[in-house]
Amino acid sequence: MQPAIPVGTLLQNRYRIVQLLGQGGFGRTYLAEDQGRFNERCALKEFVPLQGEDRFSDKATQLFQREAAILYQISHPQIPQFRATFEQDQRLFLIQDYVEGITYRDLLNQRRSQGRAFSETEIRQFLQQILPVLAHIHAKGIIHRDISPDNIILRRSDQAPVLIDFGVVKEVVTRLQLDGAEMPATTVGKLGYAPSEQMQTGRAYPSSDLYSLAVTAVVLLTGKEPQDLFDDVNLIWSWQQHAQVSPALAQILNRALNYRPGDRFQSVSQMAQALAGQTVTPASPPQPGPPAQSVGPPQQAAAPPLSEMRTVAVGRPNPADATVNRTPRPKTRTAPLPPSAQQRSGGVLENPWAVIAIGFGAAVVAGFGGWAVVNVLSQPAAPPTPTITPLPELTASPTPTPTNTPSPPPEEPTEYDQPLSIAPGDSQTVEGSVRGGNQINYTLQGQAGQTLSAALQGEGVLLSVLGPEGEVVADDANRTFRWSGPLETDGEYTIQLSPVQGLSRSDYQLEVGLTAAPEPGTEPDTEPGTEPDTEPGEPTEGEPTEGEPTEPDTPPEEAPPQVEILEQRVQIPGGEEGVTVANGVGPGRVRRYVVNARQGQIITVKFTQANGPVTFDVMMPGGELMADAAGVLFWQSYLPVGGDYLIDVKSPNQAEFTMEIQIAVQN
């Protein structure tokens, strides 16, 4: 294998290598900057030839670019967009969007270090978010074939799972490496996650992806690897004793984990309906066919079995249909009737009973013919083509219905300046509101040595303290709720207020204080009770006198770090689905939301936006932690008792978040 590309290398006079993200048997993945898109970050995947080879053949390169062009047609918000392919220095490259976040493998490892795994609520949310992605690619005839915790990223910007590393690309590379050699079976897919038909025969169906997704779900639920959960003697999965899940979810996952492809869910729609509690009719097993070894348009559907074919009425042949029949019929000559026969036929028409019988027969034939025509016309022109349709609630990004009403242009962000007149030793309180995207700057004159303090009250507003040169005066004075500290220079200081991202308007109350600098030559004030009240040489209380034994000094116990809990009650008016709150948290500061709910209601709490490692806990009215509600990103549960429930949002670093809280009555 050729060596890795050095950091700083410029490829195609456009892509600058920033760092190596990973390396495997198929090649490497780099983080790069696209200078053609204002240094936007992108993922650059390098594919390498077979061991011992220097380059791919021209035919193999054409095949790679053709298959990559099909992947380029995939457009889904939870799939990184494929941008381009190119060849340079006898290497093949593929460019796609870079997803900033953490893989579910790393998330699981974090949970394992804490002695826990994912909850059923989190897994249901995960499945509901990822199934529409599979529905999208399956509708295009593409099977991912490499679903696992390593290939799903929890995107940091919106906490949505993103599907990466399509197995079809790796299989194309395998075919390029062999360059014309026969492939009895594909090697794409992780052992334990890929089903047997994919690993042994090379065939892959939509149910194969659903199998891998179910394996991923049980691994996240149990915290154990597939080899620890699969009984390879009886070919069954034994995982339920390692996780606490409802029988409904266990039944869904076990069906998707069936060894035989025909016994699984045959489409995303079936699995989505089962998750929603709907009855799913078992589908026929997939029809055998050639191995699905490349990406491409869906193959034409096979003819339905005889039991499913439409019934077509047969009547008198239509002369107009003669051109449809391509099989020539032998021409026959009909001899004219002899005169005696013509006379006999005329005699029949003279018989009244014969006329009645003929009329009755004609009526029957006409009625049957009319019924046959109506039946044929009422049948659809062609058998309906099955489609993959995810449930409405599973759609990741619903498209709004267009209206004819023109939307107003977005307002430009605006800064408002307001001076404050504060004398040393005084304080001032101001109230107001700020709209999303705007900033309010409160300015005041300060001198070196004075102490400035600023504190905010309100939901969704943060402050920053800027010095005379426009710089943040301290690390802890940037986008926080309160700050206090000495001023280093003389000049104009600014307290800048800005709302948390995602809110249209926020109300606030700001209190600003200024303390005079100490006089030169004066000692700093001591706290009351700290001045010594004994004469020099006189022992103080607790000090041993001469001749008394002294005890060894013991280090004082460290006081536990103080955690500030900022509490706010959240009212959810009747008839509304929920409320959205936004704010910031950080080390030593917890944002607590108090929600009053009744017994039997269902509460849903989830982050809709976060720019850091933010999690929350949910506690019952008595202060007891709810089950599976510690350090989570999404939580939903039936409430066993009524009262005030506490939702504590926390983060080890400075972070901002937007959270949605919903309460519904159980049906």
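Residues numbered from 1 in each chain as written. Predicted model: local features only at pLDDT ≥ 70, side-chain atom pairs only at ≥ 80, totals over all residues. Heavy atoms only, no water.

1. Re the nonpolar core
Next, step 1: Ranked by internal contacts, the top residues of the largest apolar core, which has 56 residues, are Trp239 and Leu253.
Next, step 2: Taken together, the elements giving at least two residues each to this core come down to helix H1 (58–72), strand E6 (91–97), helix H2 (104–113), helix H3 (120–139), strand E8 (152–155), helix H6 (206–222), helix H8 (247–256) and helix H9 (268–275).
Next, step 3: Broken down by element, the residue count for this core peaks at 10 residues, all from H6.
Next, step 4: Excluding residues that lie within four positions of it along the chain, Trp239 makes contacts with Val218, Leu221, Thr222, Leu229, Val245, Ala250, Leu253, Asn254 and Leu257.
Next, step 5: With 28 residues, the next largest nonpolar core counts Val570, Val581, Val595 and Met659 among its residues. (Core = buried A, V, L, I, M, F, W, Y, C linked by side-chain atoms within 4.5 Å. Buried < 20%, exposed > 50% of the residue type's maximum accessible area, 1.4 Å probe, protein only. Helix = DSSP H or I, 4+ residues; strand = E, 2+ residues; numbered from the N terminus. Contact = heavy atoms within 4.5 Å.)

2. So, the packing of H3 against H8
Any two packed helices are characterised by the angle at which their axes cross and by the distance between the axes.
Next, step 1: It is the contact of H3 with H8, at a shortest axis distance of 12 Å, that shows an interaxial angle of 45°. In terms of their interaxial angle, H3 and H8 are classed as oblique. Where H3 crosses over H8, the two elements pack in a sense that is left-handed. Residues Glu120, Arg124 and Leu127 of H3 lie in contact with H8, whose contacting residues are Ala248, Leu249 and Leu253.
Next, step 2: Residue composition of the contact of H3 with H8, by class: 4 nonpolar, no polar and 2 charged. (Axes fitted to C-alpha atoms, helices over the stretch in contact; angles between N-to-C directions. Parallel < 35°, antiparallel > 145°, perpendicular 65-115°, else oblique. Left-handed = near helix turned anticlockwise from the far one by under 90°. Nonpolar A, V, L, I, M, F, W, Y, C, P; charged D, E, K, R; others polar.)

3. Quick word on the pattern of salt bridges
Next, step 1: For the structure shown, the criterion picks out 21 salt bridges.
Next, step 2: It is possible to trace a salt-bridge network through shared partners that takes in Arg105, Arg112, Asp150 and Glu225. (Salt bridge = Lys/Arg side-chain N within 4 Å of Asp/Glu carboxyl O.)

4. Side note on the environment of Asn39
Next, step 1: Mapped onto the fold, Asn39 is located in the loop between strand E3 (27–34) and strand E4 (40–47).
Next, step 2: Given the relative accessible area of 41%, Asn39 is considered partly exposed.
Next, step 3: On a C-alpha basis, the gap between Asn39 and Arg16 in space is 8.7 Å, while along the polypeptide they are 23 residues apart.
Next, step 4: With near-sequence residues (within four places) excluded, Asn39 lies in contact with Glu33 and Asp34.

5. Observations regarding the packing of aromatic side chains
Next, step 1: Across all of its chains, the model carries 9 aromatic pairs by this definition.
Next, step 2: Look at Tyr211 and Trp237: their rings are 6.3 Å apart centre to centre, the planes differ by 65°, and that puts the pair in the edge-to-face class. One end of the pair, Tyr211, is in helix H6; the other, Trp237, is in strand E11 (residues 236–237), and 26 residues separate them in sequence. Both residues of the pair, Tyr211 and Trp237, count as buried.
Next, step 3: An aromatic cluster is present here, built from Tyr593, Phe607, Phe616 and Phe657 joined pairwise through their rings. (Phe/Tyr/Trp six-rings, centres within 6.5 Å; stacked < 30°, edge-to-face > 60°.)

6. So, the confidence of the model for the protein chain
Next, step 1: Looking at the protein chain, pLDDT values average 74 and 64% of them are 70 or higher.
Next, step 2: Here helix H10 (residues 339–349) is the element of the protein chain with the lowest mean pLDDT, 42, and H6 is the one with the highest, 96.
Next, step 3: When the criterion is pLDDT under 50, residues 283–350 qualifies, and its contacts beyond four places in sequence or with other chains add up to 57 contacts. (pLDDT = per-residue confidence, 0-100.)

7. Some details on the packing of H3 against H6
Next, step 1: Where H3 meets H6, the axes come as close as 11 Å, and the angle between the chain directions of the two elements is 160°. In terms of their interaxial angle, H3 and H6 are classed as roughly antiparallel. Along this stretch, H3 crosses H6, giving a crossing that reads as right-handed. On the side of H3, the interface is formed by Glu120, Ile123, Phe126, Leu127, Ile130, Leu131, Leu134, Ile137 and His138, while H6 contributes Pro206, Asp209, Leu210, Leu213, Thr216, Ala217, Leu220 and Leu221.
Next, step 2: Considered class by class, the residues forming the contact of H3 with H6 number 13 nonpolar, 2 polar and 2 charged.

8. Topic: the side chain of Thr443
Next, step 1: Positionally, Thr443 belongs in strand E14 (residues 439–446).
Next, step 2: For Thr443, a relative accessible area of 12% corresponds to the buried category.
Next, step 3: Not counting residues up to four positions away in its chain, the partners in contact with Thr443 are Gln418, Pro419, Leu420, Glu492, Tyr493 and Thr494.

9. Digging into unusual backbone geometry
Next, step 1: Phi at Phe38 takes a positive value of approximately 60°, unusual for a residue other than glycine.
Next, step 2: Tracing the sequence through the fold places Phe38 in the loop between E3 and E4.
Next, step 3: The backbone phi angle of Gln159 is positive, close to 60°, even though this residue is not glycine.
Next, step 4: Structurally, the position occupied by Gln159 is in the loop between E8 and strand E9 (161–163).
Next, step 5: Note on Gln159: relative accessible area 14%, which makes it buried.

10. Some thoughts on the sheet that holds E4
Strands pair in a sheet through their backbones, by hydrogen bonds, and they do so in one of two ways: parallel or antiparallel.
Next, step 1: Taken together, 6 strands build an open sheet; the order of strands is E1-E2-E3-E4-E6-E5 and the sheet is antiparallel. Looking along the sheet, the strands with just one partner apiece sit at the ends: strand E1 (10–11) and strand E5 (82–88).
Next, step 2: Here E4 runs beside E6; their pairing, made up of 6 bridges, is antiparallel. Residue pairing across strands places Phe47 opposite Leu92, the latter belonging to E6. (Pairing = 2+ DSSP bridges.)

11. Observations concerning the environment of Ser453
Next, step 1: Within the element layout of this structure, Ser453 appears in strand E15 (residues 451–458).
Next, step 2: Linking Ser453 and Gly513, residues 60 residues apart in sequence, is a C-alpha distance of 5.1 Å.
Next, step 3: Each residue touching Ser453, except ones within four places of it in the same chain, is listed here: Trp483, Ser484, Glu511, Val512 and Gly513.

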